[in-house]
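Take a look at the letters that make up each chain.
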Amino acid sequence: MRSTRIAITTVMLGALALPLATAASATAAPGALGSNAHAALPSIRDCDRPGPWVIGARAVTIRSKATTKSTAVGILYRGHSFTVHKSSGGWHYITDRTTGVKGWVSGTYVYRDVYMCLD
């Protein structure tokens, strides 16, 4: 039982360390690549880009200002599509595309989904 736990822990730590090792070897000084710097840079893959905005709760209150004491102007439910226009101090100014309501939501509950390339 203990040896199985050690083996699983070793595999997990190795998987977590792999992106760090490849990221460290991929960085270089700005002028170190010469005039063909753009040719040496890898293209950005879809899995390297930040994912869509998602809601981490059942519902989030949309507020008129970026503070919990401001007036509630709507509710953003999980599954609603929304657009984030700007971010400031842990708050995001959004438009709920389902209802058309605009306002501020806390960054505690609204965040970017993260994709990871496994190759």
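Scroll up to find the structure.
Residues numbered from 1 in each chain as written. Predicted model: local features only at pLDDT ≥ 70, side-chain atom pairs only at ≥ 80, totals over all residues. Heavy atoms only, no water.

1. Brief notes about the nonpolar core
Grouped together as the largest cluster of nonpolar side chains are nine residues: Ile-55, Val-60, Ile-62, Leu-76, Phe-82, Val-84, Ile-94, Val-105 and Val-110. In this structure Val-110 touches Trp-53, Val-54, Val-60, Phe-82, His-92 and Val-105, once residues within four positions along its chain are discounted. (Core = buried A, V, L, I, M, F, W, Y, C linked by side-chain atoms within 4.5 Å. Buried < 20%, exposed > 50% of the residue type's maximum accessible area, 1.4 Å probe, protein only. Contact = heavy atoms within 4.5 Å.)

2. Description of the pairing of strand E4 (residues 82–88)
The sheet contact formed by E4 and strand E5 (residues 91–96) spans six bridges and is antiparallel. Across the sheet, residue Val-84 finds its bridge partner in E5, namely Ile-94. (Pairing = 2+ DSSP bridges. Helix = DSSP H or I, 4+ residues; strand = E, 2+ residues; numbered from the N terminus.)

3. Remarks on the environment of Met-116
Among the structural elements, Met-116 can be located in the segment after strand E7 (110–112). Placed 68 residues apart in sequence, Met-116 and Asp-48 show a C-alpha to C-alpha distance of 6.5 Å.

4. Digging into the environment of Pro-52
Summarising the element assignment, Pro-52 is placed in the loop between helix H2 (37–40) and strand E1 (53–55). By relative accessible area, Pro-52 is classed as partly exposed at 42%. In the structure, Pro-52 is positioned 29 residues away from Ser-81 in sequence and 9.7 Å away in space, judged by C-alpha atoms. When sequence neighbours within four positions are dropped, the list of residues in contact with Pro-52 reads Tyr-111, Arg-112, Asp-113 and Tyr-115.

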